[in-house]
Amino acid sequence: MTVAEELTPENPETPDETEEPIKQRKNGLYPGVSDELAENMKSGWADTELRDLEPIAQAAETAARRAALSARFPGERLVIPAGNLKTRSNDTEYAFRASVEYAYLTGNQTDDGVLVLEPEGDGHTATLYLLPRSDRENGEFWLNGMGELWVGRRHSLTEAGKLYGIPASDVRELADSLREATGPVRVVRGYDAGIEAALTDKVTAERDEELRVFLSEARLVKDEFEIGELQKAVDSTVRGFEDVVKVLDKAEATSERYIEGTFFLRARVEGNDVGYGSICAAGPHACTLHWVRNDGPVRSGDLLLLDAGVETHTYYTADVTRTLPINGRYSELQKKIYDAVYDSQEAGIAAVQPGAKFRDFHDASQRVLAERLVEWGLVEGPVARVLELGLQRRWTLHGTGHMLGMDVHDCAAARVDAYVDGTLEPGMVLTVEPGLYFQADDLTVPEEYRGIGVRIEDDILVTADGNRNLSAGLPRRSDEVEEWMAALKG
């Protein structure tokens, strides 16, 4: 990686005496910038302003979301930051991902951005605060490590206004403006320490939490744009699973990392990234719910639990799991356990209906798993007792699903009575993902069970008359999985 060398001209000419000079790297190879070079770099550049921009695809939806936010908090200034870059090590940063609240309301994904809704009359006036184009007069664009010649061109404020349908201003002026602000203010915390510091005497944790909760609950019901993006994410994920099946022989020759890398390629080619760390758990690693080290062996005769999802360029992620026989055929015991999880998932999906309680699909799935555990003699019945005491959890461990959207565990800040204790509505998207996990060191089960873990997960849209499985493109039934794998390897 070439490293930017932040230099200060010998006699820098800055348009603003208060502007911080561009710092020179301690061990940079150039000692400085001559006046002649500094002057040369100011001129001879073409006009690159983009003048024929159209609004982003979701501009109408983001405007409607801002209108709902405005109606909820009349007369209050609302501040929603995108967040800042985070250092990975020394002078390298983690890949930036804007806060979900900010991206949901604007469609913009750039670091340091801030959406501000100023109260005006019966509503609000929205302004998008962003970094403008790099300054060509003071040399920032080529001397600063975050200048455009190092990290790429930014949109001008005029361009941003056209794209997002929100007037844009220079974010470097925002903190001072907020310090002078009067009247009630709320901010989404945890993303931009500088913005929070500017508001420290104007906000309260309780009021800010109300803003965060509202924005979380606003995402419970997806609009048509969001449903379309989730379907795109799932469709790419299906192709990613197909990619993995085709290279299982190479994974056997290497490790779970080959599976992780194969799926990641699909995610980066067709989307923004993976929506979460891919779980590529072979053999007994399938019993570790969030196995993301992915450094273990892949062996014929074992199962592969692959839990992965592509994230679209607009941040919507799939979340799909299949448990696959690495050699293409389930053993008798693997099939027995797999089919029990499949039956459990079938019961759960059937319970996803508008007007049903959110918990209903979980209860339906858990009942099937408890019945099988009693039937196999692994836990003493009756089933009602097992469920009442939660005894099945030794081998099921987790809940049976969660909301899905811009976060893999979406809407997490919503009130309990609006989410877990709430009622399903058309437009909600959730996962149904029962599992059975028999740990390798579990002496309460027969030896042949130990080290087998199975999970099946699909992304389910609640519709007006029932539900739709967005991930139905991947087979689920054990015989269909075997036929699908054989065809892909064929």
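Residues numbered from 1 in each chain as written. Predicted model: local features only at pLDDT ≥ 70, side-chain atom pairs only at ≥ 80, totals over all residues. Heavy atoms only, no water.

Per an unreviewed UniProt entry, the chain is named Xaa-Pro aminopeptidase, and its organism is Streptomyces coelicoflavus. Recorded in UniProt for the chain, the comment headed Catalytic activity (unreviewed entry) runs: "Release of any N-terminal amino acid, including proline, that is linked to proline, even from a dipeptide or tripeptide." (UniProt positions renumbered as here; feature names shortened; annotations may be inferred.)

Draft legend 1. Here's a closer look at the sheet that holds strand E16 (residues 458-463). Within the open sheet, the 3 strands sit side by side as E13-E16-E17. Their pairing is antiparallel. At either end of the open sheet lies a strand with only one pairing partner, and these are strand E13 (429-432) and strand E17 (466-469). Neighbouring strand axes in the sheet, compared pairwise and without regard to direction, differ in orientation by 40 degrees on average. Inspection of the sheet shows E13 paired to E16 by 4 bridges, in the antiparallel sense. Paired with Val429 across the bridge in E16 is Leu461. Against the sheet, helix H13 (residues 332-350) engages E13, E16 and E17, with an angle of about 155 degrees to E13. (Pairing = 2+ DSSP bridges. Helix = DSSP H or I, 4+ residues; strand = E, 2+ residues; numbered from the N terminus. Axes fitted to C-alpha atoms, helices over the stretch in contact; angles between N-to-C directions. Contact = heavy atoms within 4.5 Å.)

Draft legend 2. Looking closely at the UniProt feature "domain: Aminopeptidase P N-terminal" (unreviewed entry) in the chain. Mapped onto the present numbering, the UniProt feature "domain: Aminopeptidase P N-terminal" (unreviewed entry) falls at residues 57-196. Between the end C-alpha atoms of residues 57-196 the distance is 31 Å, and the span holds 34% helix and 22% strand.

Draft legend 3. Highlighting the sheet that holds strand E10 (residues 303-308). An order of E9-E10-E12 is seen for the 3 strands of this open sheet, with the pairing classed as antiparallel. The open sheet terminates on both sides in strands that have one partner only, identified here as strand E9 (279-282) and strand E12 (320-325). Looking at each pair of strands side by side, their axes are set apart by 10 degrees on average, direction ignored. With 4 bridges connecting them, E9 and E10 associate as antiparallel partners. Bridging from a neighbouring strand, Cys280 pairs with Leu306 of E10.

Draft legend 4. Examining the packing of helix H2 (residues 59-72) against helix H9 (residues 205-217) more closely. Two numbers describe how H2 lies on H9: the axes approach to 11 Å, and their chain directions differ by 140 degrees. In this view, H2 runs oblique relative to H9, as classed from their interaxial angle. For the pair H2 and H9, the crossing hand works out as right-handed. Side by side, H2 and H9 meet where Ala68, Leu69 and Arg72 of the first sit next to Leu211, Phe214 and Leu215 of the second. Here the contact of H2 with H9 is composed, by residue class, of 5 nonpolar, no polar and 1 charged. (Parallel < 35°, antiparallel > 145°, perpendicular 65-115°, else oblique. Left-handed = near helix turned anticlockwise from the far one by under 90°. Nonpolar A, V, L, I, M, F, W, Y, C, P; charged D, E, K, R; others polar.)

Draft legend 5. Up close: the packing of aromatic side chains. All chains considered together, the criterion is met by 8 aromatic pairs. Aromatic pair Tyr330 and Tyr338: ring centres 4.9 Å apart, planes at 40 degrees, arrangement tilted. Overall, the relative accessible area of 0% leaves Tyr338 in the buried class. With a centroid separation of 5.2 Å and an interplanar angle of 85 degrees, the aromatic rings of Phe358 and Tyr419 are classed as edge-to-face. Remark: Tyr419 occurs in the loop between helix H16 (393-396) and E13 and Phe358 occurs in the loop between H13 and helix H14 (359-375); sequence separation between them is 61 residues. The same class applies to Phe358 as to Tyr419, namely buried. Joined through ring pairs, the aromatic side chains of Phe358, Phe361 and Tyr419 make up one cluster. Here the basic side chain of Arg97 rests over the ring of Tyr315, its NZ or CZ set 4.2 Å away from the ring centre. (Phe/Tyr/Trp six-rings, centres within 6.5 Å; stacked < 30°, edge-to-face > 60°. Buried < 20%, exposed > 50% of the residue type's maximum accessible area, 1.4 Å probe, protein only. Lys NZ or Arg CZ within 6 Å of the ring centre and 35° of its normal.)

Draft legend 6. Fine view of the environment of Met146. Topologically, Met146 is positioned in the loop between helix H4 (140-143) and helix H5 (148-151). When the C-alpha atoms of Met146 and Val432 are compared, they prove to be 43 Å apart, with 286 residues separating the residues in sequence. Each residue touching Met146, except ones within four places of it in the same chain, is listed here: Leu85, Glu93, Val151 and Arg154.

Draft legend 7. Local environment of the side chain of Glu101. Of note, Glu101 is situated in helix H3 (residues 100-106). For the buried Glu101, no salt bridge is present, and the opposite-charge side chain at shortest range is Arg219, 5.0 Å distant. Among the polar contacts listed, one links the side chain of Glu101 to the side chain of Tyr191, at a separation of 3.0 Å. Excluding its chain neighbours within four sequence positions, the residues that come into contact with Glu101 are Ile80, Val188, Tyr191, Arg212 and Leu215. (Lys, Arg positive; Asp, Glu negative; His and termini not counted. Salt bridge = Lys/Arg side-chain N within 4 Å of Asp/Glu carboxyl O. Polar contact = N/O pair within 3.5 Å; in protein donor to acceptor, adjacent residues only side chain to side chain.)

Draft legend 8. Highlighting the domain arrangement of the chain. What the domain assignment lists for the chain is domain 1 (51-219) and domain 2 (224-489). Relative to domain 2, the C-alpha centre of domain 1 lies at a distance of 36 Å. Counting the surface lost from both domain 1 and domain 2, the interface buries some 1,400 Å², and carbon and sulfur atoms represent 50% of this. Among the residues domain 1 hides against domain 2, the three largest losses belong to Arg97, Glu217 and Arg219. Together they make up 38% of the total. Connecting domain 1 to domain 2 are 4 salt bridges. Of the charged contacts in the structure, one is a salt bridge between Glu311 and Arg97, with a shortest N-O distance of 2.8 Å. Class assignment of the residues belonging to the side of domain 1 that touches domain 2 gives a composition of 7 nonpolar, 3 polar and 6 charged. (Domains from an automatic or database assignment. Buried area = accessible area lost by both parts, 1.4 Å probe.)

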